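Descriptive structure summary
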Amino acid sequence: MATVEGGTDGWDENQLRKYTFPTTQLQRMSCKDPRLNDVIAREEPVVITDCNLASSASHWSLEYLSSNIGNGTFSVYESDSHLFKYFDEKKIPGHKDFRPEMRRKEMKFNDFVALMQNPEQRRFYLQQPLNDTVGPQVVKDFLQFNWDFAKEQQKRNGWGPLTSNLLLIGMAGNVTPCHYDEQENLFAQVRGYKRVILFPPEQFSCLYPYPVHHPHDRQCQVDFENPDYERFPLFKDVAGQEAVLGPGDVLFLPMYWFHHFESLLDGGLTTSVTFWYKAPPVGKVEYPLKPQQKVAMMRNIEKMITEALNDQHEVAPFMRNMVLGRYTSDDL
Ligand SMILES: O=C(O)CCC(=O)C(=O)O
Ligand SMILES: [Fe+2]
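Per chain, residue numbering runs from 1 following the sequence as it is written. Think of it this way: whatever chain is written first is A, whatever ligand is written first is 1, and the rest follow in order. Since the coordinates come from a predicted model, pLDDT governs what is reported: local features require at least 70, and pairs of side-chain atoms require 80 or more to be given and counted, while whole-chain, interface and lining totals use all residues. Water and hydrogen atoms play no part in the side-chain values, which are based on all heavy atoms of the structure.

Named according to an unreviewed UniProt entry, the protein is JmjC domain-containing protein originating from Capitella teleta.

Here it is as structure tokens:
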């Protein structure tokens, strides 16, 4: 089989894309480190280096998967560029002029393998939740994930149920642009190297997520490769935390943290598996509110206004009327 697979023997700086904003290194910690539980409890991101969460999948090459993953269908995105900017298909009908930059195709795993071997300059990204169509060997690997570790974190932190394990197989250089999700995530890097850049929920105003009614809800509007500082002036103040995740690394990605992922340039394929958990139930509210609670509040208020107006074109003027000149300075 052609050597499109990612390696295991490291990476160098030239494989990272270049951006304008500063970053610091994200903390890395052993799962035996007594500080780890407190870090996760404080909802701080961390790279866990040795918890073997999905190590039983480390042999998931294309060849192995094509023989063992079964005959189910897989969602494979094709993009016009290296950017795979997610959109919510349910929100397109209200946005007649919306033209997604990527398309979803449903195919058998072997069709994806064929595309990987002869991509003809095209860009693809497989993103499919693991389900019960997988073959018995893959079920065995799945059962050997370190569920003890995952369940311990779920219990300790009061997370809700596991909702899905998304299998991601991406081509070198693919980018998932900056967005936030509404679930807790243990993100297991299985094969190849992926860089992640994170921004805390307090940087909401620097990152300018789309309106909630837009198909790109939860995604940042700012183009990291060519920021428009006139439209998005506070992007000048953004500062990230970054890490390169290699095989065996697990990122704890707290809910509402903004994240950008890139499969390293010239690094071959990358394979990752997410462990997404529902948020803990809302307990007793304590003040001051946490930044992520404020982001959740803004979403809820925006949703309520959008629903009540029943016409998304009315949302922007309504919000401007409410805020501009009345809440634009701290003096009043
Ligand atoms: O790995 C990627 O490209 C995107 C992953 C992601 O956005 C997530 O796990 O929430
Ligand atoms: Fe995400």
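**Comments concerning the domain arrangement of the protein**
Let me state the cut-off plainly: Bear in mind that the domain bounds are from an automatic or database domain assignment. Residues count as neighbours in contact if any of their non-hydrogen atoms are within 4.5 Å of one another. Buried area adds together the accessible area that both of two parts lose upon being put together, with accessible area traced by a 1.4 Å probe. Salt bridges, as used here, are contacts in which a Lys or Arg side-chain nitrogen is within 4 Å of a carboxyl oxygen on Asp or Glu.
Domain assignment breaks the protein into domain 1 (13-278) and domain 2 (291-323). Measuring from the centre of the C-alpha atoms in domain 1 to the corresponding centre in domain 2 gives 28 Å. The interface of domain 1 with domain 2 comprises 15 residues on the first partner and 11 residues on the second. Roughly 1200 Å² of surface becomes buried between domain 1 and domain 2 when both sides are summed, with 61% attributable to carbon and sulfur atoms. Together, Val-212, His-213 and Tyr-256 form the three largest contributors to the area buried by domain 1 at its contact with domain 2, with a combined 44%. Connecting domain 1 to domain 2 are 2 salt bridges. With its nearest N and O atoms 2.9 Å apart, the salt bridge here joins Asp-217 to Arg-299.

**A closer look at the pairing of strand S6 (residues 123-129)**
Heads up, the rule is: With a 1.4 Å probe rolled over the protein chains alone, any residue whose accessible area is under 20% of its type maximum counts as buried; one over 50% counts as exposed, and the rest are partly exposed. A helix here means a DSSP run of H or I that spans at least four residues, while a strand means a run of E at least two residues long, and both kinds are numbered starting from the N terminus. Any two strands between which DSSP finds at least two bridges are classified as paired.
Of all 7 residues in S6, 5 are buried, a share of seventy percent or more. In terms of strand pairing, strand S4 (residues 74-79) meets S6 through 4 bridges, oriented antiparallel. Residue pairing for S6: Glu-78 is matched across the bridge by Phe-124. With 5 bridges joining them, S6 and strand S8 (residues 166-170) adopt antiparallel strand pairing. Within S8, the position partnered with Pro-129 by the bridge is Leu-166.

**Focus on the nonpolar core**
Rule in force here: Take the buried residues of types Ala, Val, Leu, Ile, Met, Phe, Trp, Tyr and Cys, join any two whose side-chain atoms come within 4.5 Å, and each joined set is a nonpolar core.
Counting residues in hydrophobic clusters, the biggest one holds 45 residues, and the most contacted among them are Trp-60, Phe-109, Phe-112 and Leu-186. Per-element tally for this core: the top contributor is helix H3 (residues 109-117), with 5 residues. Residue contacts for Leu-186: discarding those within four places in its chain leaves Leu-53, Phe-149, Ala-150, Trp-159, Val-250, Leu-251, Phe-252, Val-273, Thr-274, Phe-275 and Tyr-277. Within the second largest apolar cluster, 21 residues are counted, among which are Tyr-208, Phe-224, Phe-235 and Val-295.

**Let's talk about the UniProt feature "domain: JmjC" (unreviewed entry) in the protein**
Put simply, the rule reads: UniProt positions are given in the numbering used here, feature names are shortened, and annotations may be inferred rather than shown by experiment.
When the UniProt feature table is mapped to this numbering, "domain: JmjC" (unreviewed entry) covers residues 124-294. Along residues 124-294, the helical share is 15% and the strand share 33%, with 36 Å between the first and last C-alpha atoms.

**Focus on helix H5 (residues 147-156)**
The following threshold applies: The arc in question is formed by the directions pointing from the helix axis toward the C-beta atoms.
Within H5 the residues assigned to the buried category are Trp-147, Phe-149, Ala-150 and Gln-153. Down the axis of H5, the smallest arc covering the buried residues is 165 degrees, so these residues share one side. Of the residues in H5, the exposed ones pointing more than 90 degrees away from the buried face are Asp-148, Lys-151 and Lys-155. The secondary structure elements touched by the buried residues of H5 are helix H1 (36-41), strand S3 (46-48), helix H4 (136-143), strand S7 (162-164), strand S10 (184-191) and strand S15 (270-277). Gly-158 occupies a position one or two residues after H5 and carries a positive phi of about 65 degrees.

**Considerations on the pairing of strand S11 (residues 194-199)**
Along a regular strand, successive side chains alternate from one face of the sheet to the other. Of all 6 residues in S11, 6 are buried; the element is thus mostly enclosed. Judged by which residues are buried, S11 turns out to be covered on both faces: Lys-194, Val-196 and Leu-198 on one side and Arg-195, Ile-197 and Phe-199 on the other are all buried. Across 5 bridges, S11 lies against strand S12 (residues 240-245) in antiparallel orientation. When the sheet's bridge partners are listed, Ile-197 is paired in S12 with Glu-242. Across 6 bridges, S11 lies against strand S14 (residues 258-263) in antiparallel orientation. By the bridge assignment for S14, Ile-197 is matched with His-260.

**Examining the environment of Tyr-277**
Tracing the backbone shows Tyr-277 in strand S15. Expressed as a C-alpha distance, the spacing of Tyr-277 and Glu-184, which sit 93 residues apart in the sequence, is 5.1 Å. In this view, Tyr-277 contacts Ala-150, Gln-154, Trp-159, Gly-160, Pro-161, Leu-162, Gln-183, Glu-184 and Leu-186; residues no more than four positions away in its chain are not counted.

**Topic: the pattern of salt bridges**
Scanning all chains against the criterion turns up 19 salt bridges. Via salt bridges that share partners, Glu-78, Lys-105, Glu-120 and Arg-122 belong to a single interconnected network.

**Comments concerning the site of ligand 1**
Worth spelling out the cut-off: Note on definitions. A residue lies near a molecule or strand when any single heavy atom of the residue is within 4 Å of it. Under this definition, polar contacts are N or O atom pairs within 3.5 Å; protein pairs additionally need one hydrogen-donor-capable and one acceptor-capable atom, and for neighbouring residues in sequence, both atoms have to be side-chain atoms. Charged means Asp, Glu, Lys or Arg here, nonpolar means Ala, Val, Leu, Ile, Met, Phe, Trp, Tyr, Cys or Pro, and polar covers whatever is left, Gly included.
Taken together, Tyr-125, Leu-168, Thr-176, His-179, Asp-181, Asn-185, Phe-187, Lys-194, His-259, Phe-261, Thr-274 and Trp-276 make up all the residues around ligand 1. Take Tyr-125: an N or O atom from its side chain is 2.6 Å from an oxygen atom of ligand 1. The contact in question runs from an oxygen atom of ligand 1 to an N or O atom on the side chain of His-179, over 3.1 Å. The set of elements that each furnish at least two residues to the shell around ligand 1 consists of strand S9 (175-179), S10, S14 and S15. Here the residues of the shell around ligand 1 are counted per class, giving 5 nonpolar, 5 polar and 2 charged.

**Details of unusual backbone geometry**
When glycine is set aside, most residues are seen to have a negative phi, and most peptide bonds are trans. The step from Tyr-287 to Pro-288 runs through a cis peptide bond, and the omega angle for that step is -5 degrees. Here Pro-288 is to be found in the loop between S15 and helix H7 (291-309). Although it is not a glycine, Arg-218 adopts a positive phi angle of roughly 80 degrees. The backbone phi angle of Tyr-256 is positive, close to 70 degrees, even though this residue is not glycine. As for its position among the elements, Tyr-256 is in the loop between strand S13 (250-253) and S14.

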